[in-house]
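Observations on the model geometry
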Number of protein chains: 2
Amino acid sequence: MSRGKVAVLGTGLMGAPMAANLLAAGFEVTVWNRSKEKAGSLASRGAGLAGTPARAVADADTVIVMLSSGPVCEEVLFGEHDAAAAMRKGAMLIVMSSIGMEEAQSLAAKAGAIGLRWLDAPVSGGTPAAAAGTLSIMVGGEIDDVRKANPVLSAMGRVVHIGPAGTGALAKLVNQLLVASTIVAVSEALLMAEKGGADPAKVREALLGGFAFSRILELHGQRIISANFEPGGPAKYQVKDTKAALEVAEKLDLDLPVLRLADELFSSLVDHGGGDLDHSALFLELKRRNGVLPAGSALRN
Amino acid sequence: MSRGKVAVLGTGLMGAPMAANLLAAGFEVTVWNRSKEKAGSLASRGAGLAGTPARAVADADTVIVMLSSGPVCEEVLFGEHDAAAAMRKGAMLIVMSSIGMEEAQSLAAKAGAIGLRWLDAPVSGGTPAAAAGTLSIMVGGEIDDVRKANPVLSAMGRVVHIGPAGTGALAKLVNQLLVASTIVAVSEALLMAEKGGADPAKVREALLGGFAFSRILELHGQRIISANFEPGGPAKYQVKDTKAALEVAEKLDLDLPVLRLADELFSSLVDHGGGDLDHSALFLELKRRNGVLPAGSALRN
């Protein structure tokens, strides 16, 4: 028996495995994606395919939005496609894309004005966690709505209610601040180890056992040591995140020097041709600045 | 039956539990400490107490040094106390204090010149890991000596051989660079969360589930949220570490901007009265700079 009807708008790298987990948990799922091919394998697992966002959401108790950016969410929900207007009164709208805090608050207000429930619920953990159903889900919104949405969200990961509407988006920006800064710190650490004559792989191994342990040292540290900069998370998206976090910091009248520095370094990485490399390629930018970029590097000097 | 004779010079907060683990592992342990009281409880567990460093080491296969700084190690081993000269030829000298890379290399050369084996083997994990025997031990020295010392070191933690003499000390500085930088990043993250109207405790909880996980977010994040700045690791020692790391970076002709920034921020924390607070009090320094230090704070404005 169906546990409820869920529409998923956006079945890309993240949205597709999230929809698959909703199907596996027993929800009746209808998906819509801009490019049709991406939704195909979900149909074979039992998902309904809708030709437009409005048709996908018309019958849904819950609508999950996992599109590429705040403006795209805005356009699909309240612009060209006007999907929000097609939702049932009292249905739950959950935007899980990483969007700005003010974007989230503005969408929440628009949703509330036409009688929809709202949650901003961005995630951390990337495609592996999306596939495993172990995403970290940061939720902003009313407590009653978080409770109501809990069965749906729990099918995709671990739910933490952060605070009112917009604070889920804020938590994700804070997450990105921390990820970007830690990548910079890990890059400096491994460069110092390498230049000092230590084996960076051994230093990483030792440091993972102590206070310096971080998921970034574990995962991105390994990428740096293997010189494997296939994305993963492309550097150009990391810059989008540091700029969004800086904007919020400015609105909050906060000077956050590590965030500023991370933004400067990632921007420079992109400016020197590293935008499509994994964000761990910040290590190469650090080498470039220190005049030790190897010949044939993916980065321009 | 004894597995071998080990002398431990320095039985302070770290050295005492390390010596206790050596006793528990079946080594015959003789200890020396500048202030006698600290060695007392080890005697009740079967350790021999020596009145001078020279008497402690005279009969030992392995000498563990866990004194407060490089200069103190130098003084006890080759200065006033001249303990190294009292060691048997071919015995193993293991300095586990956190000392500079050049200090380690200089001590290694002096030890080698009088026929001693040498390892620099600083640790990470603090007093809880010292008590549990789960320290992360970063070892610089010859591979044969690392193998020979492995039973002794393994009684205290997890051993990783980094490279030649001095690279254990280097790895510890790299560790401290990473710890200091991550504390700054976590402080910025939690301040942004707080100022933005989110519950920092909830943000920490959510972020621990994703890519932003770090031991620092887990432990020091909790200290920040509880406003508990009892040390732990006092900020004044963190500054000692960032300065030592900066010195090595300079010698290696490396510009490491996050390390520079962390040094500046921790120095300012100490300058404003936070030297004896836990290093997680960097959060207060960040508040001070942003004009949101609460009245009655432990820090001067």
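Residues numbered from 1 in each chain as written. Chains lettered and ligands numbered in written order. Predicted model: local features only at pLDDT ≥ 70, side-chain atom pairs only at ≥ 80, totals over all residues. Heavy atoms only, no water.

Moving on to the pattern of salt bridges. Under the criterion given, the structure shown has 33 salt bridges over all chains. Of the charged contacts, one joins glutamate 205 of chain B and lysine 202 of chain B as a salt bridge, the two residues approaching to 3.7 Å between their closest N and O atoms. Of the two residues, glutamate 205 of chain B and lysine 202 of chain B are both situated in helix H10 (residues 200-207); the distance of 3 residues between them amounts to about one turn of the helix. Given the relative accessible area of 32%, glutamate 205 of chain B is considered partly exposed. With its nearest N and O atoms 2.8 Å apart, the salt bridge here joins arginine 289 of chain B to glutamate 285 of chain B. A residue pair is termed a helical-turn pair when its members lie 3 or 4 positions apart in one helix, as arginine 289 of chain B and glutamate 285 of chain B do in helix H14 (residues 282-289) at 4 residues. Classification of arginine 289 of chain B by relative accessible area gives partly exposed; the value is 38%. In this structure glutamate 285 of chain B comes out as buried when scored by relative accessible area, which is 0%. By sharing partners, the salt bridges in this structure join Glu264, Glu285, Arg288 and Arg289 of chain A into a single network. (Salt bridge = Lys/Arg side-chain N within 4 Å of Asp/Glu carboxyl O. Helix = DSSP H or I, 4+ residues; strand = E, 2+ residues; numbered from the N terminus. Buried < 20%, exposed > 50% of the residue type's maximum accessible area, 1.4 Å probe, protein only.)

On to the nonpolar core. Within the largest apolar cluster, 110 residues are counted, with the highest numbers of intra-cluster contacts made by Met192, Leu207 and Phe266 of chain A together with Met192, Leu207 and Phe266 of chain B. Counting residues in hydrophobic clusters, the runner-up holds 34 residues, among them Val6, Ala19, Leu23 and Val139 of chain A. (Core = buried A, V, L, I, M, F, W, Y, C linked by side-chain atoms within 4.5 Å.)

Between two aromatic rings, the relevant description is the distance of the centres plus the angle of the planes. Under the criterion given, the structure shown has 1 aromatic pair over all chains. For the ring pair phenylalanine 213 of chain A and phenylalanine 213 of chain B, a centre distance of 5.8 Å and an interplane angle of 70 degrees mean the geometry is edge-to-face. With one member in each of two chains, phenylalanine 213 of chain A in the loop between helix H9 (200-207) and helix H10 (215-226) and phenylalanine 213 of chain B in the loop between H10 and helix H11 (215-226) form a pair that bridges those chains. Judged by its relative accessible area of 11%, phenylalanine 213 of chain A falls in the buried class. If you follow lysine 240 of chain B out to its NZ or CZ, it ends over the ring of tyrosine 237 of chain B, 5.8 Å from the centre. (Phe/Tyr/Trp six-rings, centres within 6.5 Å; stacked < 30°, edge-to-face > 60°. Lys NZ or Arg CZ within 6 Å of the ring centre and 35° of its normal.)

Glancing now at the pairing of strand E8 (residues 135-140) of chain A. All names here are of chain A. Judged by how many residues are buried, E8 sits mostly within the fold: 6 of 6 residues are covered. Burial along E8 is two-sided: Leu135, Ile137 and Val139 and Ser136, Met138 and Gly140, pointing in opposite directions, are all buried. Relative to E8, strand E7 (residues 123-124) is paired through 2 bridges, and the arrangement is antiparallel. Paired with valine 123 across the bridge in E8 is isoleucine 137. As paired elements, E8 and strand E9 (residues 157-163) share 6 bridges and run parallel to each other. The residue bridging methionine 138 from the neighbouring strand is valine 160, located in E9. Regarding topology, helix H7 (residues 143-154) serves as the crossover connection from E8 to the parallel E9, and that connection is right-handed. (Pairing = 2+ DSSP bridges. Right-handed = clockwise from strand over helix to strand, strands pointing away.)

Let's shift gears to the relation of the copies chain A and chain B. Overlay of chain A on chain B (RMSD 0.1 Å): rotation 180 degrees, translation along the axis 0.0 Å. Here the transformation between the copies is reduced to the relation of a two-fold axis. Residue serine 214 of chain A of chain A places its C-alpha closer to the rotation axis than any other residue of that unit, at 1.9 Å. Of the interface residues in chain A, 100% have counterparts in chain B that sit at the interface too, so the contact is made through matching surfaces. (Least-squares fit on C-alpha atoms with pLDDT ≥ 70 in both. Contact = heavy atoms within 4.5 Å.)

Over the atoms a probe the size of a water molecule is rolled, and this reveals where empty space is left. Residue and element names in this part refer to chain B. All told, the structure shown has 2 cavities of 30 Å³ or more when counted by the stated rule. Its boundaries defined by the atoms lining it, the largest cavity holds a volume of some 50 Å³. If you go around the largest cavity, the residues you meet are Val31, Trp32, Asn33, Lys36, Ala39, Leu49 and Ala50. Estimated volume of the second largest cavity: approximately 30 Å³. (1 Å grid on protein atoms, 1.4 Å probe; cavity = no way out; pocket = protein on both sides within 12 Å on 5 of 7 lines; lining within 4 Å. Points joined across faces, edges and corners; volume = space filled by probe spheres on them.)

The next point concerns the interface of chain A and chain B. Opposite the 64 residues of chain A that make contact, chain B presents 64 residues. Taken over both partners, the interface formed by chain A and chain B buries close to 5500 Å², and the fraction arising from carbon and sulfur atoms is 72%. On the chain A side of the contact with chain B, Leu178, Met192 and Phe211 of chain A bury the most area, a combined 15% of that side's loss. Run the count over chain A and chain B and you get 0 salt bridges. Viewed at the interface, chain B and chain A are joined by 16 residue pairs in polar contact (both at pLDDT 80 or more). For the side of chain A that touches chain B, the elements supplying multiple residues, two or more each, are E8, E9, helix H8 (167-195), H9, H10, helix H11 (235-251) and helix H12 (257-274) of chain A. When residues of the side of chain A that touches chain B are assigned to their parent elements, the largest contribution, 19 residues, is made by H8 of chain A. (Buried area = accessible area lost by both parts, 1.4 Å probe. Polar contact = N/O pair within 3.5 Å; in protein donor to acceptor, adjacent residues only side chain to side chain.)

Right, let's get into the packing of H8 of chain A against H10 of chain A. All names here are of chain A. Relative orientation of the contacting elements H8 and H10 amounts to 50 degrees, with a least axis distance of 10 Å. With respect to H10, the element H8 is oriented oblique. In terms of crossing hand, the pair formed by H8 and H10 is right-handed. Of the residues in H10, those in contact with Val179, Thr182, Ile183, Val186, Ser187 and Leu190 of H8 are Ile216, Leu217, His220, Gly221, Ile224 and Ile225. For the contact of H8 with H10, a count of residues per class yields 8 nonpolar, 4 polar and no charged. (Axes fitted to C-alpha atoms, helices over the stretch in contact; angles between N-to-C directions. Parallel < 35°, antiparallel > 145°, perpendicular 65-115°, else oblique. Left-handed = near helix turned anticlockwise from the far one by under 90°. Nonpolar A, V, L, I, M, F, W, Y, C, P; charged D, E, K, R; others polar.)

A separate point is the pairing of strand E1 (residues 5-9) of chain A. Residue and element names in this part refer to chain A. Among the 5 residues that make up E1, 4 are buried, leaving the element largely enclosed by the rest of the structure. Where E1 meets strand E2 (residues 28-32), 5 bridges bridge the pair, whose relative direction is parallel. Pairing of alanine 7 across the sheet is with threonine 30, part of E2. A crossover connection joins E1 to the parallel E2 through helix H1 (residues 15-24); in handedness this β-α-β unit is right-handed.

Turning our eyes to something else, we now look at the domain arrangement of chain A. All names here are of chain A. Domain assignment breaks chain A into domain 1 (5-164) and domain 2 (170-289). The partner domain 2 presents 8 residues to the 9 residues of domain 1 that form the contact. Contact between domain 1 and domain 2 buries roughly 760 Å² in total, counting both sides, with carbon and sulfur atoms accounting for 61%. Counting the surface domain 1 buries against domain 2, the share from its top three residues, Ser98, Met101 and Met138, is 50%. Taken together, domain 1 and domain 2 are joined by 1 salt bridge. A salt bridge links lysine 251 to glutamate 102; the nearest nitrogen and oxygen atoms lie 3.0 Å apart. Where domain 1 meets domain 2, there are 4 residue pairs in polar contact (both at pLDDT 80 or more). Among the secondary structure elements, those contributing two or more residues to the side of domain 1 that touches domain 2 are helix H5 (101-113) and E7. Broken down by class, the residue content of the side of domain 1 that touches domain 2 amounts to 5 nonpolar, 3 polar and 1 charged. (Domains from an automatic or database assignment.)

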